[in-house]
Amino acid sequence: MNDIAGAYSARAAEYIELLGTVELMHPSDRELIGTWGDRVVGEAIDAGCGPGHWTNFLAGRGLDIRGVDLTLAFVEHARRAYPRLRFATGSLEALGASDGSLGGVLAWYSLIHHAPDAIGPALDEIARVLRPAGLLLVGFFTGAAVEPFDHAVVTAYRWPVAELTERLRASGFETVETHTRTGTGYRPHAAIIARRVKV
Ligand SMILES: C[S@@+](CC[C@H](N)C(=O)[O-])C[C@H]1O[C@@H](n2cnc3c(N)ncnc32)[C@H](O)[C@@H]1O
């Protein structure tokens with residue numbers, strides 16, 4: 001995890017410039033993330049919030065949301081850019097919320113660096129903090145097989161939707177919706193909305 005935070009710290013300014021505002025994002029991502037937020041009941045965490053632009057976007061739609069990220073440079077930027085919102089350093093493996101206390105968790109491209117043998121604890125932690133029927137939204141790179149590739153910042157993984165769906169099921173989620181998008185000029189993208197199953 002230190003490697004990930006270090007790699008993002010080294011390129012934080014570049015990332016913020018290229019990817020750090022919602023206006024730079026695909027319109028269908030704004031639509032999906034926004035309407036997901038409208039369905040969340042109660043508090044939410046933007047887990048792996050990066051520069052905090054999605055946290056701010058969702059807060060602007062009325063969601064009670066805070067951001068958590070491993071990379072201090074992003075947290076410091078987010079605090080400066082959105083001073084009325086809450087951001088903290090932390091990890092997807094320890095979200096700093098009590099059991100069943102949240103209505104939603106956004107993990108938008110923040111699980112992409114988790115190797116297949118490391119993603120389980122993060123999904124378990126998200127399941128722990130969500131109340132029954134709480135909603136997780138995951139955005140990720142997709143492909144035909146789980147495989148690593150050379151991401152601009154640090155090694156990332158592609159996941160077939162079915163494979164990540166199965167990992168989510170194993171951590172206590174049922175899939176509500178899946179979305180995929182392919183096109184020229186960007187890597188195939190997928191998103192899953194998953195509901196915390198009642199225990
Ligand atoms: C590709 S960026 C996505 C950031 C933001 N969600 C966005 O959409 O721009 C990945 C982010 O996940 C964070 N991250 C990666 N692994 C993490 C972990 N285990 N715990 C918390 N944050 C993590 C990184 O620091 C980075 O900010």
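Residues numbered from 1 in each chain as written. Predicted model: local features only at pLDDT ≥ 70, side-chain atom pairs only at ≥ 80, totals over all residues. Heavy atoms only, no water.

Draft legend 1. Just the site of the ligand, in detail. Contacts to the ligand come from 22 residues, most closely from Tyr-15, Gly-48, Asp-69, Thr-71 and Trp-108. At a separation of 2.7 Å, an oxygen atom of the ligand approaches a polar side-chain atom of Tyr-15. Within the backbone of Leu-92, one N or O atom sits 2.9 Å away from a nitrogen atom of the ligand. About the coverage of the ligand: the protein hides 98% of its 590 Å² of free accessible area. (Near = heavy atom within 4 Å. Polar contact = N/O pair within 3.5 Å; in protein donor to acceptor, adjacent residues only side chain to side chain. Areas by Shrake-Rupley, 256 points an atom, 1.4 Å probe, with all protein chains shown as cover.)

Draft legend 2. Spotlight on the pattern of salt bridges. Across all of its chains, the model carries 11 salt bridges by this definition. Measuring nitrogen to oxygen at the nearest pair gives 2.7 Å for the salt bridge that ties Arg-61 to Asp-38. Residue Arg-61 is found in the loop between α4 (53-60) and β2 (65-69), and its partner Asp-38 is found in helix α3 (residues 27-39); the two are separated by 23 residues along the sequence. By relative accessible area, which is 39% here, Arg-61 ends up partly exposed. For Glu-43, the salt bridge identified is with Arg-66, shortest N-O distance 3.2 Å. Of the two residues, Glu-43 sits in the loop between α3 and β1 (44-47) while Arg-66 sits in strand β2, which places them 23 residues apart along the sequence. (Salt bridge = Lys/Arg side-chain N within 4 Å of Asp/Glu carboxyl O. Helix = DSSP H or I, 4+ residues; strand = E, 2+ residues; numbered from the N terminus. Buried < 20%, exposed > 50% of the residue type's maximum accessible area, 1.4 Å probe, protein only.)

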